[in-house]
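Overview (structure and organization)
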Amino acid sequence: QPNIAKIWMRHPNISTPLAHFFSVRLPSHISPPRIHPSRSPAPPSLLPGAPPSGYSSHVLNCWREFVLQMAGALHSSRCLALLLLAVLLLTLSPGNAFYLPGSYMHTYSQGEDIWAKVNSLTSIETEMPFSYYSLPYCRPPGGIKKSAENLGELLMGDQIDNSPYRFRVNVNESLFLCTTKGLNENDAKLLKQRARDLYQVNMMLDNLPVMRFAEQNGITVQWTGFPVGYTPAGSADDYIINHLKFKVLVHEYEGTNVEIIGTGEEGSAVISEMDKKGMSGYQIVGFEVVPCSVKRDPEDFSKLNMHDTIEPVSCPVELRMSQVIRQQERITFTYDVEFVKSDIRWPSRWDAYLKMEAGAKVHWFSIMNSLMVILFLAGIVFIIFLRTVRRDLTTYEELDKEAQAQMNEELSGWKLVVGDVFREPTCPKLLCIMIGDGVQILGMSIVTIVFSTLGFMSPASRGMLLTGMIILYLFLGIVAGYVSVRLWRTIKGTSEGWRSLSWLTACFFPGVMFTVLTILNFVLWGSKSTGALPISLFFTLLALWFCISVPLTLVGGFLGTRAEQIEFPVRTNQIPREIPARKYPSWLLVLGAGTLPFGTLFIELFFILSSIWLGRFYYVFGFLLIVLLMLVIVCAEVSVVLTYMNLCVEDWRWWWKAFFASGSVALYVFLYSINYLVFDLRSLSGPVSAMLYIGYSFLMAFAIMLATGTIGFLTSISFVHYLFASVKID
C-alpha cells in the first residue's frame, strides 16, 4: 500500500517479515525524520482520516528534510535521489494500509469475556491427531461448536472447537471447571495411552497458541501446547494434567477512529470495522501456561458450578499430591488466570513464536558455506566447459568440408552425433507429461515462497500456506498443458494426440497423490484420527481437480498447438548411430550428479522436516528463497555438464539423463528423510506412524524430482539446441 509511512509512524517498532525484508541501514550521519510531539498533539490514524491541524505540513517538512539529506549522501547517483523523491510522493498520497501478516487487531475492554479454543491433540510420537473431546475433558456450557476451517486446515487434520475456558480481561481469578464421572475402563486406558504417547493439548486465545517453557539439561525450551499427562521416571502410574496456570500478556492500546482491514480471526474473511467510540482497550499479545497435576477431593467441589471462584492453587512437587489416572477415579479440572501488562505491541506478538535463538546463524553459515563451495566448483566446471565448447566450435567451423569429413573419421565427441542428437527419446509421452507437471510444481513453489517471504502467508492464518499452494497448482494447469503439448510437437513434429497428452498431464501427479493419500487415509480412518480426510473433502478435492485443473490443462494444451513449433537445427539420420561401449554404467554418473544439488538443500531440509514432524513453526522463508535460487542454478549447471559429457562419449540418448541428472536429488532427499526418521525422530513409534511418515516423504521426494528434473531438462535442451545450431552443417 502507498501509505506505508503511516504504519511506521503509528507503530515504529513494527516487526513483520515485510519490514525485515525491506529494512535498510542508513549512513551514520543520516537519521529518519522524527515527528516532534508538540507539533502532533494527537497520534495519526492508521488509515486515512482527518489528520490533526498542522500535522500534514509538519510531516511533509520532516520528510523533505530527510530526502535532502539522502540526496546529499547519494550525490554520485542522481537517479537514486529522483527515485527517492518519487517514493516520497507515493508515500504522502492518500491510500489504505493494513497489517501483514496476521489476523485483524482486536481490542478488548476491561472485564470483557474471551473464550479460548482448542485444536486437535497432536503427538511427535504417532503423528496422528485426535479430537480434543475424544478424551473425558470438560465440555463448554453451550455444547461443542466447530469453527469454520479452510481447505489447508482440513488437510492438516486440524479440528478447532470451542472450550469451557473463559477469560475476563484484566481480571485475575482461580476458577472451577468440572468434576468428571468415575473413569470407565476405556477412558482410563485411553488417557494413559495418550499420556504415554506424549500427546499435547493445543489451545488458542485470540488466535494465539498457548506457550509453555520447560527446563531441559539446564536450557529453557519453548513449546506450544501442554501435555495431556505424564509418566514420572521409575513410576508405573500415569498422571493427568488437570490444573492450568495461565498468564495472559496484554498491551494497553489507545486509539480513536481506527479502521481495520484484515483477514479475520480465522484468516478466512476480509473485515472492515469502524469503532466510532474509539479503540482504547487491551490487546492480547502473549498466552503462556504452566500445567500441573493436583489431586482433589471431588466432594469438596460437588456444590460448585462451572466458573465458580476457588482458592488459588500451587503446583505440587510430591507425586502423592498429584492426580493419578485410574479406573473409577473422578478428576476435577480447575485453572488460574493472571493478566500481565506488556510493552509488546500487537504487530510483534508472533515474534516470540518465530524467533530462532541461534538458528539464524545456522542458516546463514550453512547457506554461505554451500554457496561458496557449490558456486566455486560449479563455476570452475562451467568456465572450463564453456572454453572447451567454444574451442571445439571454432576449430570445427574453420575447416572446409573435406577437412571436416576427415576430422569426423579421426576424432570422436559430440560432433559425431549431429545426426542423432535430436532423435526421439524412449517413452516421449511420459517425458512430456513429467516436464509439464514439473513446470506446474516449480511455478507453484516459487510463487508460494515469494509470497511467504513478503509476509502474505501468516502463521496466524492457519492452513493458508497449504490452501494457497493448492489454488496455485490448480490454476497453473494451463502452463503445464502448454509446455507438455509444445514439447510433444517439438519431438513428434505434429499436434496429433494432444488431447490425450493434456488429460494425462492433468492426471499424472494428482493421480499419484490421490492414490497414496487414499491408502494413508484408510489407515487414519482405521485409527479414528482427525487427520483422516472426511469423504466430503475427498469429493471437494475431486471437484476442484476435474472442474478447474483438468479444463485449464486442456486450454493450455490447445494454446500449445497454436504456438510456433520449435524446429531442430539439424536433420536426424534414418539409421541410429551405434553407441560405443562404456567402462562404467551411465546411470552411476546420473546418480552421482544429484549430490551437488542436494548439498544446497539438506540444511534447510532439516528445518522443514522439524517443522512438519515436530510441530515447530517454520517462518524463515527468506532463507528458503535463497536456497531455492541456489538449487535452480546448480540443477541447471549439473544437467548441462552431464549432457555435454554424454555427448562427448557419443551417447546421443541424453533426454532422460538430462532429466534425472538434476532430478536424482529426490533420491537423496528421500534417503535423508529416512535418516531423519531413524536418528532425529526416534520418538516416532508404531508401524502406522512409520507408514504415514514414509508415505508423505515419498510424495515430497516425487514432487522434488519432477521440479528439479524439469529445470535440468529445459536447460539441457536449450543448450543442445544452441550448440548444434552454432555448427555449420550442409
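Under an unreviewed UniProt entry, the protein has the name Transmembrane 9 superfamily member and belongs to Aegilops tauschii subsp. strangulata. Turning to the protein, the UniProt annotation filed under Sequence similarities (unreviewed entry) states: "Belongs to the nonaspanin (TM9SF) (TC 9.A.2) family."

With that out of the way, let us pick up the overall build of the protein. In terms of helices and strands, the protein carries 20 helices and 16 strands. For the protein, with 730 residues in total, the buried portion stands at 49%. Contacts spanning at least 24 positions in sequence make up 83% of the contacts within the protein whose residues lie at least 6 apart. Just so you have it, the protein exposes about 35,800 Å², and 62% of that area is on carbon and sulfur atoms.

Summarising burial for strand β16 (residues 332-341): seven of the ten residues are buried, a large majority. Here six bridges tie strand β3 (residues 173-179) to β16, and the two strands are oriented antiparallel to one another. Along β16, the bridge assignment pairs threonine 179 with threonine 332. Note that strand β12 (residues 243-253) and β16 share eight bridges and pair parallel. Bridge assignment links lysine 245 to a residue of β16, and that residue is aspartate 336.

A word on the pattern of salt bridges. Summed over all chains, the structure comprises 15 salt bridges. Where arginine 653 meets aspartate 651, a salt bridge forms, and the shortest distance between an N and an O atom there is 3.5 Å. In the salt-bridge network here, residues are joined through shared partners; they are Arg166, Arg168 and Glu173.

Non-glycine residue asparagine 170 carries a positive phi angle of around 60 degrees. As for its position among the elements, asparagine 170 is in the loop between β2 (161-168) and β3. By relative accessible area, which is 21% here, asparagine 170 ends up partly exposed. Positive phi, normally seen in glycine, also occurs at histidine 307, with a value near 75 degrees. Judged by its relative accessible area of 14%, histidine 307 falls in the buried class.

Turning our eyes to something else, we now look at the nonpolar core. In terms of nonpolar packing, the biggest core is built from 68 residues, with Val421, Ile441, Trp654, Leu706, Phe713, Val720 and Phe724 touching the most fellow members. Elements represented by at least two residues in this core include exactly α10 (428-453), α12 (477-492), α13 (498-526), α16 (595-613), α17 (621-648), α18 (655-663), α19 (665-680) and α20 (687-725). No other element matches the 15 residues that α20 contributes to this core. The residues touching isoleucine 441, leaving out its near neighbours within four places in the chain, are Tyr473, Phe509, Ala703, Leu706 and Ala707. In terms of nonpolar packing, the next biggest core, distinct from the first, is built from 54 residues, Leu121, Met128, Val250 and Val516 among them.

A few words now on the side chain of serine 484. With respect to the element layout, serine 484 can be found in helix α12. A distance of 3.0 Å separates a polar atom in the side chain of serine 484 from the backbone oxygen of alanine 480. Of note is the side chain of serine 484, whose polar atom sits 3.4 Å from the side chain of threonine 505.

Attention shifts here to the state of the cysteines. Across all of its chains, the model carries two disulfides by this definition. In this model cysteine 138 forms its disulfide with cysteine 178; the gap between the sulfur atoms is 1.9 Å. Judged by the torsion about the S-S bond (-85 degrees), the cysteine 138/cysteine 178 disulfide is left-handed. One end of the pair, cysteine 138, is in the loop between β1 (113-118) and α5 (151-155); the other, cysteine 178, is in strand β3, and 40 residues separate them in sequence. Residue cysteine 138 shares its accessibility class with cysteine 178, and that shared class is buried.

On to α13, then. The end-to-end C-alpha separation of α13 is 42 Å, in line with the 42 Å expected for 29 residues at 1.5 Å each. The largest bend in α13 amounts to roughly 35 degrees and is located at phenylalanine 508, with the proline proline 510 lying one to four residues further along. The positive-phi residue at the C-terminal boundary of α13 is lysine 528, with phi of around 55 degrees.

Turning next to the packing of α10 against α12. Following both chains from N to C, one finds α10 and α12 inclined at 150 degrees, their axes separated by 8 Å at the closest point. Judged on the interaxial angle alone, α12 and α10 are roughly antiparallel. By crossing handedness, the relation of α10 to α12 is classed as right-handed. On α12, the residues touching Pro428, Lys429, Cys432, Ile435, Gly436, Val439 and Gln440 of α10 are Gly477, Val479, Ala480, Val483, Ser484, Leu487, Trp488, Ile491 and Lys492.

Right, let's talk about the packing of α16 against α19 for a bit. Following both chains from N to C, one finds α16 and α19 inclined at 40 degrees, their axes separated by 10 Å at the closest point. Here α16 lies oblique to α19, going by the angle between them. Crossing angle aside, the handedness with which α16 passes α19 is right-handed. Judged by residue contacts, Thr595, Pro597, Phe598, Leu601, Phe602, Leu605, Phe606, Leu609 and Ser610 of α16 engage Val665, Tyr668, Val669, Tyr672, Ser673, Tyr676 and Asp680 from α19.

Across the sheet, which stays open at both edges, the four strands sit in the order β2-β1-β5-β6 with antiparallel pairing between neighbours. Looking along the sheet, the strands with just one partner apiece sit at the ends: β2 and β6 (208-209). Where β1 lies against strand β5 (residues 203-205), two bridges are found, and the strand directions are antiparallel. Counted as the bridge partner of valine 118 is methionine 203 from β5.

On the surface, a nonpolar cluster with roughly 570 Å² of combined accessible area is contributed by Tyr584, Trp587, Leu588, Leu591, Leu667 and Leu671. Put simply, the parts of the chain that give the nonpolar patch at least two residues each are α15 (586-593) and α19. It is α15 that contributes the most residues to the nonpolar patch, three residues altogether. You can see leucine 588 is positioned in helix α15. Owing to a relative accessible area of 44%, leucine 588 belongs among the partly exposed residues under this scheme.

All right, on to the packing of aromatic side chains then. In total, this model carries 33 aromatic pairs according to the counting rule given. For the ring pair phenylalanine 509 and phenylalanine 702, a centre distance of 5.8 Å and an interplane angle of 20 degrees mean the geometry is stacked. Taken together, the positions of phenylalanine 509 in helix α13 and phenylalanine 702 in helix α20 put the pair 193 residues apart, joining distant regions of the chain. Comparing phenylalanine 509 with phenylalanine 702 shows no difference in burial state: the two are buried. Note on tryptophan 655 and phenylalanine 713: the rings are 6.1 Å apart at their centroids and 35 degrees apart in plane angle, and the pair reads as tilted. Highlighted residues: tryptophan 655 in helix α18 and phenylalanine 713 in helix α20, separated in sequence by 58 residues. Residues tryptophan 655 and phenylalanine 713 agree in their burial class; the two are buried. Across from the ring centre of phenylalanine 130, 4.0 Å away, lies the NZ or CZ of arginine 194, which sits over that ring. Directly above the ring of tyrosine 199 sits arginine 194, whose terminal nitrogen or CZ lies 5.2 Å from the centroid.

Cut-offs and rules
Residues numbered from 1 in each chain as written. Predicted model: local features only at pLDDT ≥ 70, side-chain atom pairs only at ≥ 80, totals over all residues. Heavy atoms only, no water. UniProt positions renumbered as here; feature names shortened; annotations may be inferred. Helix = DSSP H or I, 4+ residues; strand = E, 2+ residues; numbered from the N terminus. Buried < 20%, exposed > 50% of the residue type's maximum accessible area, 1.4 Å probe, protein only. Contact = heavy atoms within 4.5 Å. Areas by Shrake-Rupley, 256 points an atom, 1.4 Å probe, with all protein chains shown as cover. Pairing = 2+ DSSP bridges. Salt bridge = Lys/Arg side-chain N within 4 Å of Asp/Glu carboxyl O. Core = buried A, V, L, I, M, F, W, Y, C linked by side-chain atoms within 4.5 Å. Polar contact = N/O pair within 3.5 Å; in protein donor to acceptor, adjacent residues only side chain to side chain. Disulfide = S-S within 2.5 Å. Expected span 1.5 Å × (residues − 1). Bend = angle between axes of the 7 residues up to and from the residue. Axes fitted to C-alpha atoms, helices over the stretch in contact; angles between N-to-C directions. Parallel < 35°, antiparallel > 145°, perpendicular 65-115°, else oblique. Left-handed = near helix turned anticlockwise from the far one by under 90°. Patch = residues over 30% accessible without salt bridge, like charges linked within 9 Å, V, L, I, M, F, W, Y side chains within 5 Å. Phe/Tyr/Trp six-rings, centres within 6.5 Å; stacked < 30°, edge-to-face > 60°. Lys NZ or Arg CZ within 6 Å of the ring centre and 35° of its normal.

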